[in-house]
Amino acid sequence: TDPQLWPHPMTVYLFDAYGTLLDLSAALRIAEPQLGARLPAMLRTWRATQLDYAWLSALGERFATFDVITRRAFHDALSCEGIVDDALVDDLTAAFASLPAFSDAATTLANLRARGDQTAILSNGTPQWLTASCAHSRLTPHLDRILSVEATHTYKPAPPAYAIGVDAFAQPADGMIFVSSKWWDVVGARNFGYRTVWINRGGGYWPLSVVRPTVSVASLTELLTVDVELSTSV
């Protein structure tokens, strides 16, 4: 289907950044020489610790920016593998300013905008990291806005973080579509009121005890072939 000929009203698509448009795993392989086969375990620990620190920071009195949280999480995850290497922590953290995009990201964003939709990133990342990585991965020309939660001093899935999209585009949440590869992010967005798309690249399962996404697809490209306006379940 020619995206320019698809008859539908203009829609705002809000995309999560990390793991949805930007490929974390490709950039973080720089730790493979030191970790070898232990790299996947380290990255799982790092990601879980990063999210824990973000949520605890949002709940507590002392907010920490996402770059600080990310660096602390790398330090802890490497320590769990018996590695103390400040230079490696620096390199892993710095990679967030030059992340590559998934192969289907730029084309999908371009096609959405070609048919009259608007596109934006809504991410926990710092404004500096998001701007730099979007420029590096050549996504910037295909985005109307790059939105960071940093100014709210909270993180997704807290409602004030999702409210940034509503404020930026002056539209009700149920008139926009939120897209993420992370189930908890989709749940937070759905509970806030957005229509949601789960990018299930790895063929994972959806937790049974939480609200379901409006639509589930296996790749960003499939966004161009599903009607999120009418779909109501996975």
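This report concerns the structure included in the present document. Computed from a predicted structure; not experimentally measured.

**Here's the deal with the overall build of the protein chain**
Next up, step 1: Looking only at helices and strands, one finds nine helices and six strands in the protein chain.
Next up, step 2: On C-alpha atoms alone, the protein chain measures out to a radius of gyration of 18 Å, which is about the 17 Å that the 2.2 N^0.38 rule sets for 234 residues.
Next up, step 3: Over its C-alpha atoms, taken along the principal directions, the protein chain stretches across nearly 55 × 35 × 35 Å.
Next up, step 4: Every one of the 234 residues in the protein chain was classed for burial, and the buried ones make up 48%.

**Regarding the sheet that holds strand β4 (residues 176-180)**
Next up, step 1: An order of β3-β2-β1-β4-β5-β6 is seen for the six strands of this open sheet, with the pairing classed as parallel. The open sheet has two edge strands with one neighbour each: β3 (145-148) and β6 (215-217). Here the strands of the sheet are splayed against their neighbours by 25 degrees on average, with no regard to which way each runs.
Next up, step 2: Examined bridge by bridge, strand β1 (residues 12-15) and strand β2 (residues 118-123) share four bridges and lie parallel to one another. Each bridged residue has a counterpart across the sheet, and for L14 the counterpart in β2 is A120.
Next up, step 3: Helix-sheet contacts for helix α8 (residues 159-169) involve β1, β2, β3 and β4, and the interaxial angle to β3 is about 145 degrees.

**Observations regarding the packing of helix α3 (residues 39-59) against helix α4 (residues 66-80)**
Next up, step 1: Orientation of α3 relative to α4, taken along the N-to-C sense of each, is 140 degrees, at an axis distance of 8 Å. Here α4 runs oblique to α3, going by the angle between their axes. Taken as a pair, α3 and α4 cross one another with a handedness that is right-handed. Across the interface between the two elements, M42, T45, W46, R47, T49, Q50, Y53, A54 and S57 of α3 pack against F66, I69, T70, R72, A73, F74, D76, A77, L78 and C80 of α4.
Next up, step 2: Class assignment for the residues of the contact of α3 with α4 results in 11 nonpolar, five polar and three charged.

**Section: unusual backbone geometry**
Phi is mostly negative for residues that are not glycine, and the peptide bonds are mostly trans.
Next up, step 1: Omega for the peptide link from K156 to P157 comes to 15 degrees, which places this bond in the cis form.
Next up, step 2: With respect to the element layout, P157 can be found in the loop between β3 and α8.
Next up, step 3: Phi at A170 is positive, roughly 50 degrees, even though this residue is not glycine.
Next up, step 4: With respect to the helices and strands, A170 occurs in the loop between α8 and β4.
Next up, step 5: Classification of A170 as exposed rests on a relative accessible area of 68%.

What counts, and where the lines are drawn
- Residues numbered from 1 in each chain as written.
- Predicted model: local features only at pLDDT ≥ 70, side-chain atom pairs only at ≥ 80, totals over all residues.
- Heavy atoms only, no water.
- Helix = DSSP H or I, 4+ residues; strand = E, 2+ residues; numbered from the N terminus.
- Rg over C-alpha atoms; globule rule 2.2 N^0.38 Å.
- Buried < 20%, exposed > 50% of the residue type's maximum accessible area, 1.4 Å probe, protein only.
- Pairing = 2+ DSSP bridges.
- Axes fitted to C-alpha atoms, helices over the stretch in contact; angles between N-to-C directions.
- Contact = heavy atoms within 4.5 Å.
- Parallel < 35°, antiparallel > 145°, perpendicular 65-115°, else oblique.
- Left-handed = near helix turned anticlockwise from the far one by under 90°.
- Nonpolar A, V, L, I, M, F, W, Y, C, P; charged D, E, K, R; others polar.

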